Amino acid sequence: MNEKQKLLLQNLINIKDYWTKTAVDGLNSNTDLIWSDYEDEYKILQTKLTSQEELNAFHKVQSEVIQGVIHSILVMIDGGDELADNYLIDLVDRETNESLQKEVALHEEFVGYLLDTEDE
């Protein structure tokens, strides 16, 4: 995996971590939920998920769901779903015109990179 591919995967992990934290922070009754279209739903969850154990469980579930969404999008970009029957999507470096998919399956690299960074 080259440095540009690593940068892409790290950015995706940062996005996952940001939105996981944002969702968990939304369970704090003092949090401004102006960013959410579901303030009432967060207020319901704020009364239900109150212990540290419950918040940790919510964090893990959110992280897993977001990871799954990112993985599915990368499968789509890699040409591994039904969209590839009609369209191919590529991520290309603007300066070099080089594909970031060169010699790798991004969805597989994402999972491996995620596991490697979580172990650190």
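Residues numbered from 1 in each chain as written. Predicted model: local features only at pLDDT ≥ 70, side-chain atom pairs only at ≥ 80, totals over all residues. Heavy atoms only, no water.

Visitor: Which residues make up the packing of aromatic side chains, and what values go with them?
Guide: Taken as a whole and assessed by the stated rule, the structure comprises three aromatic pairs. Aromatic pair Y18 and W19: ring centres 5.1 Å apart, planes at 90 degrees, arrangement edge-to-face. When the centroid spacing of 5.5 Å and the interplanar angle of 70 degrees are considered together, the rings of W35 and Y42 count as edge-to-face. Each residue in the set Y18, W19, W35 and Y42 is aromatic and connected to the rest through ring pairs, giving one cluster. (Phe/Tyr/Trp six-rings, centres within 6.5 Å; stacked < 30°, edge-to-face > 60°.)

Visitor: Explain the confidence of the model for the protein to me, and be specific about the residues and the numbers.
Guide: Chain-level statistics for the protein give a pLDDT mean of 92 and a share of 98% at 70 or above. Mean pLDDT values over the elements of the protein span from 86, in helix α4 (residues 106–119), up to 96, in helix α2 (residues 39–48). (pLDDT = per-residue confidence, 0-100. Helix = DSSP H or I, 4+ residues; strand = E, 2+ residues; numbered from the N terminus.)

Visitor: Requested: an account of the nonpolar core, with residues and values cited.
Guide: In terms of nonpolar packing, the biggest core is built from 14 residues, with L9, L12, I70, L74, L106 and F110 touching the most fellow members. Contributing elements (two or more residues each) for this core: α1 (3–25), α3 (52–77) and α4. When near neighbours in sequence (up to four residues on either side) are disregarded, L106 contacts L8, L9, L74, I77, D78, L91, L100 and Q101. Core analysis: the second largest hydrophobic core is formed by eight residues, A23, L27, L55 and F58 among them. (Core = buried A, V, L, I, M, F, W, Y, C linked by side-chain atoms within 4.5 Å. Buried < 20%, exposed > 50% of the residue type's maximum accessible area, 1.4 Å probe, protein only. Contact = heavy atoms within 4.5 Å.)

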